[in-house]
Amino acid sequence: MNRFTLGVFFVILSAVGFGVMPIIAKYAYQGGVNVDTLLTLRFSLASIFFFLYLWLKKGHHVSITKKEWFALALYGGVIYAVISILFFWSIQFIPVSLASLLLYTYPIFVVVLSIIVERTGISKMLGLAILLSLLGLALVLGTSFQSINYYGVLLAVLSSIGYAVHIVLMNRTVRKLPPMITTAFVILFTAISQLLFGITCGTLHTDFSGSAWLSIFALCFVSTILPLLTFFLGLQLVGPTNASILSTFEPIVTILLSALLFHETFTLLQLLGIAAVLIGAFLVVKGGNKKSADEPVAVAEKL
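Residues numbered from 1 in each chain as written. Predicted model: local features only at pLDDT ≥ 70, side-chain atom pairs only at ≥ 80, totals over all residues. Heavy atoms only, no water.

A. Structural view of the overall build of the protein chain. Across its full length, the protein chain holds twelve helices and zero strands. Going from N to C terminus, the protein chain has its helices and strands arranged as α-α-α-α-α-α-α-α-α-α-α-α. Taken along its principal axes, the extent of the C-alpha atoms in the protein chain is 50 × 50 × 40 Å. When each of the 303 residues of the protein chain is scored for burial, the buried share is 51%. When contacts within the protein chain are restricted to residue pairs at least 6 apart in sequence, those whose partners lie at least 24 apart make up 90%. Accessible area for the protein chain stands at about 14,000 Å²; split by element, carbon and sulfur atoms hold 71% of it. Of note, the protein chain has its 16 positive side-chain charges centred 9 Å away from the centre of its 9 negative side-chain charges. (Helix = DSSP H or I, 4+ residues; strand = E, 2+ residues; numbered from the N terminus. Buried < 20%, exposed > 50% of the residue type's maximum accessible area, 1.4 Å probe, protein only. Contact = heavy atoms within 4.5 Å. Areas by Shrake-Rupley, 256 points an atom, 1.4 Å probe, with all protein chains shown as cover. Lys, Arg positive; Asp, Glu negative; His and termini not counted. Charge placed at Lys NZ, Arg CZ, Asp CG, Glu CD.)

Here it is as structure tokens:
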């Protein structure tokens, strides 16, 4: 197996891990876990692992400026914490397939925000890709207007917008830091924020079933630690552009598993809409990465 093929394998493995994340969360909820407890335990366990990993590797000593410290605390303690809560709340109100699909509209918002912040133009291909994704969303949502919980839709869309903000800001402020360092500190600050929020609101508890504990550990290791590590490995072998494109496999995994495990069904128009959203996202990622293929990229943590 050559380096590129191995890299593709690692990135797809990462996509599968992130793709099963909302599925595992759904099972955790069924076992009695609430959002605050789930996210606090997930990020706390993951941060412990990543700092142990960095300590054992002993090759990640870098100088972090005051501006970068502030950015990491802001991204982890505020932005990433909020968008995680929004997404994990959304799957309590809408099917996980729809939540995942809505989250994966973030490449559209990244392009829009980049145009606003960087004052750049937009190519015809990117414009058509965005329109295609929006048309797909209209088909998905419009064909079941009466049955969709639009509060859940709003939460998922806000998490997508927040994730886009997270990516754009990270690529402007901490892009020169090693991805593993960035991830470790963002996850740490997120864990601290989630813990303080849970304590303040009095929502943290451990009164849930044994199966829920299994779901929590699975969420931490299968859908956080493993996919992040394999994504970084794949990123080194295939580059940021190919890694981003291959990551579009994530919502496909979620949609297929939700249909298999939760018996979520789709009309023909909804399936066409899903395909349009995914193709549009793929084209946006592909087109957007061409401009910065040779520039350093700050890898944003996945939800």
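Next, the rest of the story.
B. Seen up close, a nonpolar patch on the surface. Together, Ile12, Val16, Phe249, Ile252 and Leu256 make up an exposed nonpolar region whose accessible area comes to about 370 Å². Listing elements by their share of the nonpolar patch, those giving two or more residues are α1 (3-19) and α11 (249-261). Among the elements that take part in the nonpolar patch, α11 stands out by supplying three residues, more than any other. With respect to the helices and strands, the residue leucine 256 is situated in helix α11. Relative accessible area serves as the criterion here: at 57%, leucine 256 is assigned to the exposed category. (Patch = residues over 30% accessible without salt bridge, like charges linked within 9 Å, V, L, I, M, F, W, Y side chains within 5 Å. Salt bridge = Lys/Arg side-chain N within 4 Å of Asp/Glu carboxyl O.)

C. Seen up close, the packing of α1 against helix α2 (residues 21-30). Taken N-terminus to C-terminus, the directions of α1 and α2 make an angle of 30 degrees; their axes are 4 Å apart at the nearest point. Classified by the angle their axes make, α1 and α2 are roughly parallel. On α2, the residues touching Gly17, Phe18 and Gly19 of α1 are Met21, Pro22 and Ile23. Partitioning the contact of α1 with α2 into residue classes produces four nonpolar, two polar and no charged. (Axes fitted to C-alpha atoms, helices over the stretch in contact; angles between N-to-C directions. Parallel < 35°, antiparallel > 145°, perpendicular 65-115°, else oblique. Nonpolar A, V, L, I, M, F, W, Y, C, P; charged D, E, K, R; others polar.)

D. Region of the structure containing helix α3 (residues 35-57). Its 23 residues place the ends of α3 33 Å apart at the C-alpha level, agreeing with the 33 Å of an ideal helix rising 1.5 Å per residue. When we look at burial in α3, the residues that qualify are Val35, Asp36, Thr37, Leu38, Leu39, Thr40, Arg42, Phe43, Ala46, Ser47, Phe50 and Leu54. Among the residues of α3, the N-terminal cap falls to asparagine 34, whose side-chain oxygen and the backbone nitrogen of aspartate 36 are separated by 3.3 Å. In the segment just after α3, lysine 58 is the residue with positive phi, at about 55 degrees. (Expected span 1.5 Å × (residues − 1). Polar contact = N/O pair within 3.5 Å; in protein donor to acceptor, adjacent residues only side chain to side chain.)

E. Just the packing of aromatic side chains, in detail. Under the defined criterion, the tally for this structure stands at 15 aromatic pairs. With centroids separated by 5.9 Å and ring planes inclined at 55 degrees, the aromatic side chains of phenylalanine 9 and phenylalanine 10 adopt a geometry described as tilted. Arranged with centres 4.9 Å apart and planes meeting at 50 degrees, the rings of phenylalanine 208 and tryptophan 213 form a pair that is tilted. According to the relative accessible area criterion, phenylalanine 208 is buried, its value standing at 11%. (Phe/Tyr/Trp six-rings, centres within 6.5 Å; stacked < 30°, edge-to-face > 60°.)

F. Inspection of unusual backbone geometry at higher detail. With phi around 60 degrees, histidine 263 is a residue other than glycine that occupies positive phi space. Along the chain, the position of histidine 263 falls in the loop between α11 and α12 (268-290).

G. Representation of α2 within the structure. Of all ten residues that make up α2, seven are buried, and the element is covered over most of its length. Where α2 is concerned, the buried positions are Met21, Pro22, Ile23, Ile24, Ala25, Ala28 and Tyr29. The positive-phi residue at the C-terminal boundary of α2 is glycine 32, with phi of around 105 degrees.

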